[in-house]
Amino acid sequence: MKILFAALALSAAGGACALEIHLPPETATYKPSELPGYQLVQRNCMTCHAAQYASSQPPASPRAYWEATVKKMKKPFGAQFDDADMPAMVDYLVKTYGAERGAATLAAVAAKSVAAAPAASGKDVKTLLATNGCMACHALDQKVVGPGFTEVAARYKGKDGAAAVAANIRSGGAGKWGPVPMPPFRQLSAADAASLAKYVLNR
């Protein structure tokens, strides 16, 4: 009887392991910037943690602090990015969240935020892809961090999925294409999100 109870317990434990876990949607993105490290941070850092990590660090942190932080993420935590990417990532982080934040940088960030929040559409798709960093995580026909656009189009083939894809772009989410969450792009207008969705579904 003890063996039966043990078997039932193991069976129950095995069933629990098969449960599908849905992570909550990402709630913040890194501050937009023209600095080259912005795209690298979007691609490399959000694979493992949210953008709140950077914004929660002491704002007076010097460059050496951010260098140590980025190095720590790679070793011992094992983040998968090239050593060559690290200087640009550190430069972005210290100038956006650390001690080297200046009036010019803040003004540029503010201007970028305003520019990225149009009230209505009017931008072409290539501009939308570039200004929102879409290609940092996606490619046309292969998986990068997120699925390739052709893979998304294939999933929705024969369905009227434009509204669903546009909603996913604006709200972000996790679990639809693997464990890595997609950050929300709420700065996009509904019209611009619809334009991007139409573009993706036509790949």
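Each chain has its residues counted from 1, running along the sequence as written. For this predicted model, a pLDDT threshold of at least 70 governs which residues receive local features, and a threshold of 80 or more governs which side-chain atom pairs are given and counted, while totals over whole chains, interfaces and linings are taken from all residues. Hydrogens and water are ignored here; the side-chain numbers use all heavy atoms of the structure.

**Concerning the overall build of the chain**
For step 1, the next point in the chain: Each helix and strand in the chain was counted, giving 10 helices and 0 strands.
For step 2, the next point in the chain: Where helices and strands are cited, they refer to DSSP runs of H or I of at least four residues and of E of at least two residues respectively, numbered from the N terminus. Moving toward the C terminus, one meets the helices and strands of the chain in the order α-α-α-α-α-α-α-α-α-α.
For step 3, the next point in the chain: Note on classification: 1.4 Å probe, protein chains only; a residue is buried when its accessible area is under 20% of the maximum for its type, exposed when over 50%, partly exposed between these limits. Here the chain holds 203 residues, and 34% of them are scored as buried.
For step 4, the next point in the chain: The contact criterion used throughout is that any non-hydrogen atoms of two residues lie within 4.5 Å. Across the chain, contacts joining residues at least 24 apart in sequence account for 61% of those joining residues at least 6 apart.
For step 5, the next point in the chain: With an accessible surface of roughly 11700 Å², the chain has 64% of that area assigned to carbon and sulfur atoms. The Shrake-Rupley method, run with a 1.4 Å probe, gives the accessible areas here. Residue values count only the displayed protein chains as cover.

**Some words on helix α4 (residues 63-74)**
For step 1, the next point in the chain: Between the first and last C-alpha of α4 there are 17 Å, a value that for 12 residues agrees with the 16 Å anticipated at 1.5 Å per step.
For step 2, the next point in the chain: For α4, the elements touching its buried residues are α3 (52-55) and α5 (86-97). To estimate the expected span of a helix, count its residues, drop one, and scale the result by 1.5 Å.

**Focus: the environment of Pro-36**
For step 1, the next point in the chain: Mapped onto the elements of the fold, Pro-36 is located in the loop between α1 (2-17) and α2 (37-44).
For step 2, the next point in the chain: Under the relative-accessibility criterion, Pro-36 is labelled exposed at 57%.
For step 3, the next point in the chain: Note: C-alpha distance between Pro-36 and Ala-88 (52 residues apart in sequence) is 6.3 Å.

**Details of the pattern of salt bridges**
For step 1, the next point in the chain: A pair is scored as a salt bridge if a Lys or Arg side-chain nitrogen falls within 4 Å of a carboxyl oxygen belonging to Asp or Glu. A full pass over the atoms with the stated rule returns 4 salt bridges.
For step 2, the next point in the chain: Between Glu-100 and Arg-63 there is a salt bridge, with its nearest N and O atoms 2.8 Å apart. Taken together, the residues span a long stretch of sequence, with Glu-100 in the loop between α5 and α6 (103-115) and Arg-63 in helix α4 at a distance of 37 residues.
For step 3, the next point in the chain: Arg-63 gets classed as partly exposed once you look at its relative accessible area, which sits at 27%.
For step 4, the next point in the chain: Each of Arg-63, Asp-91, Lys-95 and Glu-100 takes part in a single network of salt bridges with overlapping partners.

**Some points on the packing of α2 against α5**
For step 1, the next point in the chain: Helix axes are fitted only over the stretch in contact, all axes being lines through C-alpha atoms; the angle between N-to-C directions runs from 0 to 180 degrees. Running from N to C, α2 and α5 point in directions that differ by 100°, and their axes come no closer than 8 Å. Here α5 runs roughly perpendicular to α2, going by the angle between their axes. Taking contact as the criterion, the partners of Gly-37, Tyr-38, Leu-40, Val-41 and Asn-44 in α2 are, on α5, Ala-88, Met-89, Tyr-92 and Leu-93.
For step 2, the next point in the chain: The class makeup of the residues in the contact of α2 with α5 is 7 nonpolar, 2 polar and no charged. Roughly parallel means an angle under 35 degrees; roughly antiparallel means over 145; roughly perpendicular covers 65 to 115; every other angle is labelled oblique. Classification convention: Asp, Glu, Lys, Arg as charged; Ala, Val, Leu, Ile, Met, Phe, Trp, Tyr, Cys, Pro as nonpolar; all other residues, Gly among them, as polar.

**What about the side chain of Thr-69?**
For step 1, the next point in the chain: Of note, Thr-69 is situated in helix α4.
For step 2, the next point in the chain: Residue classification places Thr-69 among the buried residues on the basis of a relative accessible area of 7%.
For step 3, the next point in the chain: Here Tyr-65 takes part through its backbone oxygen, which lies 2.8 Å from a polar atom of the side chain of Thr-69. By the criterion applied in these results, polar contacts are pairs of N or O atoms within 3.5 Å in which, for protein atoms, one can donate a hydrogen and the other can accept it, and in which residues neighboring in sequence qualify only through two side-chain atoms.

**Digging into the packing of α4 against α5**
For step 1, the next point in the chain: Relative orientation of the contacting elements α4 and α5 amounts to 130°, with a least axis distance of 9 Å. Here α4 is positioned oblique relative to α5, judged by the angle of their axes. In this structure, the crossing between α4 and α5 has a hand that is right-handed. Between α4 and α5, the contacting residues are Arg-63, Trp-66, Glu-67, Val-70, Lys-71 and Lys-74 on the first element and Met-86, Met-89, Val-90, Asp-91, Leu-93, Val-94, Lys-95 and Tyr-97 on the second.
For step 2, the next point in the chain: Partitioning the contact of α4 with α5 into residue classes produces 8 nonpolar, no polar and 6 charged. Handedness of each helix crossing follows the sense of rotation of the near helix against the far helix: counterclockwise by less than a right angle gives left-handed, clockwise gives right-handed.

Everything listed is a geometric property; what it means functionally is a separate question.
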